[in-house]
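# Coordinate inspection notes
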Amino acid sequence: MKLLALDTASGLCSAALYVDGEVMLRETPTTREHARLVLPMVQSLLAEAQWSMVQLDAIAFGRGPGSFTGLRVAAGLTQGLAFGAGLPVLPVSDLRALAQQAAALAPVGTPLLACMDARMHELYWALYEAPLAGQWVSDTAEQLCTPVQLTQRLGVAAAGSAQWRGAGMGLAVWLASEAAPPLNPALLLPAAEPSAREIALLGAVDWSAGKAQPPEAAVPVYLRDDVARPSAQ
Amino acid sequence: MALRVLAIESSCDESAVAVLDEERGLLSHALFSQIELHRAYGGVVPELASRDHLRRLLPLLRQALAEADTTPEQLSGVAHTAGPGLVGALLTGAALARGFAFSRGLPVIAVHHLEGHLLAPLLEDEPPPFPHLALLVSGGHTMLIRVAGLGEYELLGETRDDAAGEAFDKTAKLLGLPYPGGPELARLARDGRAGAFVFPRPMLDRPGLEFSFSGLKTAVSLAARAQPLDDRRRNDIARGVQDAIVDTLLRKTARAVEATGLVDVVVSGGVGANLALRTGLATLLRSRGGRVYHPRIEFCTDNAAMIAVAGLLRLKRGEGSFDLAITARAQWPLTDLNQDRHTA
C-alpha cells in the first residue's frame, strides 16, 4: 500500500511517502514558506521513489488543528492532487500525529497529552491512552481552551500527572500557567511539532480501517471557529 | 489542437471555476457567491471567506468540467487568480490549482485579477480593438488604464482612497441598506429626483485623472441625519450619490479620451454593471465617434471566465509554468505585468 502524506499545520513543513511500513520523509522548519516548499517536496519524493501520482493508493494530510493558512494549504493541495490523480484522501488529526511521536515514551495504557500552542493564550489539546499499533484512543474530544481551563477540565485525572506523557509546544504554555500540575520533564516532548511521518503512519492505519474518503473531504478541522463577530447594525 | 484552460477564481468572496476553449469559446462557468455568509458582518470577513472557498471550489470544479463536457485529459493548462486580493482566499485557489495541475502534468498560469477584468469583454461577440481605454471600477479598484495589448498597461489614474464600488456600499450602509448595498442604492436612485441632493465631486476642479471618493461618506452622513429618512428622502439621497459617482467617472473618462485620443472604452468591474454609468458612457463616446465595450452583467463582478481568458492568452504566449511554489500576492501592481513581459 502506497500513501503520500503532507503536513503544513505548524512550524514544520513536511511530506512523506509510505510504502508497506517504510516512510521516506522530507521535512524542514519554516514559519511562512510552507506554500512554496511543500509541493517541491512531493515532487522530490516521487522522483526518488520513481512513482507517479496515479500509482498511489491515497493521500493523507494533517487536517488540523494548527495554523489556519497552513491547514488550508495542505487541504487545498490535497484536494487538487487527489482529484487530479483520482485518489481518495485520509484526513489525519495533527494532535493524534503529535501523540504518535511520543508513542515510544508511553507504555500501553498510560495517558498521553497532545498539546499545541493555539496563540491568543489558548491551547489545542486532546488526551489519549497510549495504544498498540497506532490505534490511538482519545479519552476526550479535541479541544480549544485556556491553560487554566485545561487544568480544570482534566480535574481528577490530573492527580497522577507525574506519570503522564506529553507532546507538543503547548506543554510549555500550560506548565507556565497558574495551578498547572507537576509533570515529569523526562516524559515530555515539549518541542515536538506534527510531521508528515506520523501523518503517513496514521494514514496507513486509517486506510486499513476503511476510512478513505473522496477529495472533497480534505477540509481542515480548525477547532477555533469563533473568528468573527456580527456587526451591530 | 485548440488550447483549453480550466480557471479558478478565489480572490475575495466569489468562488468560481470556468473552462474556456481557444476555438469554441467559453464552455462553462460555475460560481458561488458568499454574499449571504458575510452579510451579518457588514462586509467580507477574510477568514470566513478563505474557509468557505475551500469547501466550494472542488464541487465547482467538478461542475465546470461536467458542464463543459471536458475530462482532465482534454485540458492544456490550469489558470488561477494569484492576486491582488485576500491572500488567504487566494491561497486556497492557488493550492487547489497547483495540486490538480501537478497530478495532471499541466502548466499553471498565475493570473492577475485585474487583467482578468480588463480582458473580460473579449468573451463577448464584439471584442474591443487594441489599443483602447479601460475604466476599471469595482469594490476594490477605480482605475483608468491605456491598454495597448496583452500585458501592455499604462495606468493613467486611480483612486487615492475609496474605490467607486466601496463608495456605493459605504453610503448605502449610511442609508440603512443591507450589505452589500451598492446595487440596492442604484435601484433606489431610479426613483430619486435629480438635483434634490448635490454631493461633492472631488478632484474635478484640478487637472489629472486621479479619483477620490472618501469625502462622499461625510456628505451623505450629514444629509441622512439632517431629517428623518423616509422613502422619498432616501431615494433622493441615493440619486444624489449615484449622480456624484457616475458624473465623476464620466468626466474623468472624458478627460482620458481627450488626453489619449482613444475613443473605444472598456468598462469592467462590479460598478461596470451600473446602468447609469453604462448609459452615460455610451452617450459620451457616441458623441466622439467611439463606443463602450462591457462584459455581460454577470462577468462584471468577479468570475472565473475572465481569469480563463487571461490564462488562455498567456498560455498561448508560452507563459505556462511548471513551477511548484503555491503563491499569492495581496498587493500586485497591474503595471508589474509590463515588466514581466520585458524580462520574460
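Residues numbered from 1 in each chain as written. Chains lettered and ligands numbered in written order. Predicted model: local features only at pLDDT ≥ 70, side-chain atom pairs only at ≥ 80, totals over all residues. Heavy atoms only, no water.

## A short note on the sheet that holds strand β4 (residues 77–83) of chain B
Residues and elements named next belong to chain B. What counts, and what does not: Two strands qualify as a pair provided DSSP detects at least 2 bridges between them. Helix numbering and strand numbering both begin at the N terminus, where a helix is a DSSP run of H or I of at least 4 residues and a strand a DSSP run of E of at least 2. Under this scheme, a helix contributes an axis fitted over its contacting stretch, all axes are lines through C-alpha atoms, and angles between N-to-C directions fall in the 0 to 180 degree range. Contacts: residue pairs with any heavy atoms within 4.5 Å of one another.
Read across the sheet, five strands follow the order β3-β2-β1-β4-β5 without closing on themselves; strand pairing throughout is mixed. Lying at the two open borders of the sheet, with one neighbouring strand each, are β3 (25–33) and β5 (108–112). Strand-to-strand, the axes of this sheet are offset by a mean angle of 20°, without reference to chain direction. Pairing of strand β1 (residues 4–9) with strand β2 (residues 14–21), which is carried by six bridges, proceeds in the antiparallel orientation. The residue of β2 that forms the bridge with E9 is A16. In this fold helix α2 (residues 46–67) packs onto β1, β2 and β3, with an angle of close to 25° to the strand it touches most, β2. Relative to the sheet, helix α10 (residues 305–316) contacts β1, β2, β3, β4 and β5, its axis offset from that of β1 by approximately 135°.

## Some thoughts on helix α6 (residues 196–208) of chain A
Residue and element names in this part refer to chain A. In plain terms, the rule: Under the convention used throughout, the expected extent of a helix is 1.5 Å for every residue step, that is, one less than its residue count. Only protein chains enter the area calculation, which uses a 1.4 Å probe; residues under 20% of their type maximum are buried, those over 50% are exposed, and those in between are partly exposed.
For α6, which comprises 13 residues, the first-to-last C-alpha distance of 18 Å matches the rise-based estimate of 18 Å (1.5 Å per residue) to within 8%. Considered for burial, the residues of α6 that qualify are A196, E198, I199, A200, L202, G203, A204, V205 and D206. Against β1 (2–7), β2 (12–19), β3 (22–29), β4 (58–62), β5 (89–92) and α3 (94–101) lie the buried residues of α6.

## Description of the pairing of β1(A)
Residue and element names in this part refer to chain A. For β1, a buried count of five out of six residues is recorded, marking the element as mostly surrounded by other parts of the structure. The pairing of β1 with β2 spans six bridges and is classified as antiparallel. Of the residues in β2, the one forming a bridge with L3 is Y18. Linking two consecutive strands that pair antiparallel, namely β1 and β2, is a turn of four residues. By the bridge criterion, four bridges tie β1 to β4 in an arrangement that is parallel. The residue bridging L3 from the neighbouring strand is A58, located in β4.

## A closer look at the pattern of salt bridges
All names here are of chain B. Rule in force here: By salt bridge we mean one thing: a side-chain nitrogen of Lys or Arg within 4 Å of a carboxyl oxygen of Asp or Glu.
A complete count under the given rule lists 34 salt bridges over all chains for this structure. In this structure, the salt-bridge partner of E47 is R51, at a minimum N-O distance of 2.7 Å. Taken together, the residues span about one helical turn, with E47 and R51 both in helix α2 at a distance of four residues. Judged on exposure class, the residue E47 and its partner R51 are both buried. When the shortest N-O distance is used, the salt bridge between R187 and E184 registers 2.9 Å. Pair noted here: R187 and E184 are both in helix α6 (residues 182–189), with a separation of three residues, about one helical turn. For R187, a relative accessible area of 40% translates into the label partly exposed.

## Topic: the domain arrangement of chain A
All names here are of chain A. Our working rule: Boundary definitions for the domains trace back to an automatic or database domain assignment. Defined in terms of a 1.4 Å probe, buried area is the accessible area two parts forfeit on being brought together, summed over both. Two N or O atoms form a polar contact when they lie within 3.5 Å of each other; inside protein one atom must be a possible hydrogen donor and the other a possible acceptor, and for residues adjacent in sequence the pair counts only when both atoms belong to side chains.
Looking at the assigned domains, one finds that chain A contains domain 1 (2–94 + 194–217) and domain 2 (95–189). Domain 1 and domain 2 are separated by 24 Å when their C-alpha centres are compared. Every contact between the two is made by 16 residues of domain 1 and, on the other side, 14 residues of domain 2. Between domain 1 and domain 2, the buried area comes to about 1,200 Å², and carbon and sulfur atoms account for 60% of it. It is P65, E198 and L202 that lose the most area in domain 1 upon contact with domain 2, and together they represent 39% of the buried surface on that side. In this structure, the connection of domain 1 to domain 2 is made through two salt bridges. With a closest N to O distance of 2.9 Å, E142 and R63 form a salt bridge. Our count for the contact surface shared by domain 1 and domain 2 stands at eight residue pairs in polar contact (both at pLDDT 80 or more). Per-element tally for the side of domain 1 that touches domain 2: the top contributor is α6, with six residues.

## Remarks on the packing of aromatic side chains
Residues and elements named next belong to chain A. The line we're drawing: Any pair of Phe, Tyr and Trp rings, taking the six-membered ring for Trp, is counted once the centres come within 6.5 Å. Such a pair is stacked with planes under 30 degrees apart, edge-to-face with planes over 60 apart, and tilted for the rest.
Tallied over the full model, the rule gives four aromatic pairs over all chains. When the centroid spacing of 5.4 Å and the interplanar angle of 85° are considered together, the rings of F68 and Y222 count as edge-to-face. One end of the pair, F68, is in helix α2 (residues 68–85); the other, Y222, is in the segment after α6, with 154 residues separating them in the sequence. Given the relative accessible area of 19%, F68 is considered buried.

## Notes on the sheet that holds strand β10 (residues 291–293) of chain B
Residue and element names in this part refer to chain B. Strands sit in the order β8-β7-β6-β9-β10 across an open sheet of five strands; the sheet is mixed. In this open sheet, the two strands that pair with only one neighbour each are β8 (152–158) and β10. When strand polarity is set aside, the average angle formed by the axes of neighbouring strands in this sheet is 25°. As defined by bridge partners, strand β6 (residues 132–137) adjoins strand β9 (residues 264–268) across four bridges and the pair is classed as parallel. Paired with A134 across the bridge in β9 is V266. Set on the sheet, helix α8 (residues 231–260) makes contact with β6, β7 (142–149), β8 and β9; between it and β6 the angle comes to about 160°.

## Some remarks on the packing of α2(A) against helix α3 (residues 87–104) of chain B
Each pair of packed helices gets described by two things: the angle between the helix axes and the distance between those axes. Stated precisely, the cut-off is as follows: Any angle between 65 and 115 degrees counts as roughly perpendicular, while under 35 counts as roughly parallel, over 145 as roughly antiparallel, and the rest as oblique. Crossings are classed by handedness, with left-handed meaning an anticlockwise turn of the near helix from the far one by less than a right angle and right-handed meaning a clockwise turn. For this classification, the nonpolar set comprises Ala, Val, Leu, Ile, Met, Phe, Trp, Tyr, Cys and Pro, the charged set comprises Asp, Glu, Lys and Arg, and every other residue, Gly included, is treated as polar.
At a closest axis distance of 7 Å, the pairing of α2(A) and α3(B) adopts a crossing angle of 30°. With respect to α3(B), the axis of α2(A) lies roughly parallel. Seen along the crossing, α2(A) lies across α3(B) with a hand that is right-handed. Judged by residue contacts, A:T69, A:R72, A:V73, A:G76, A:L77, A:Q79, A:G80, A:L81, A:F83, A:G84 and A:A85 of α2(A) engage B:G88, B:L91, B:T92, B:A95, B:L96, B:G99, B:F100, B:F102, B:S103 and B:R104 from α3(B). Grouping the constituent residues of the contact of α2(A) with α3(B) by class yields 10 nonpolar, nine polar and two charged.

## Digging into the domain arrangement of chain B
Residues and elements named next belong to chain B. Each assigned domain of chain B is listed here: domain 1 (4–119 + 300–338) and domain 2 (131–294). Contacts between domain 1 and domain 2 engage 22 residues on the former and 22 residues on the latter. Of the roughly 1,800 Å² buried between domain 1 and domain 2, counting both surfaces, carbon and sulfur atoms make up 69%. For the pair domain 1 and domain 2, the interface holds zero salt bridges. Sorting elements by how many residues they give to the side of domain 1 that touches domain 2 places helix α4 (residues 113–119) first, with five residues. Tallied by class, residues from the side of domain 1 that touches domain 2 come to 10 nonpolar, seven polar and five charged.

## A closer look at the pairing of β4(B)
All names here are of chain B. β4 sits mainly inside the fold: seven of its seven residues count as buried. By the bridge criterion, five bridges tie β4 to β5 in an arrangement that is parallel. Each residue of the ladder has a partner; that of T81, found in β5, is V111.

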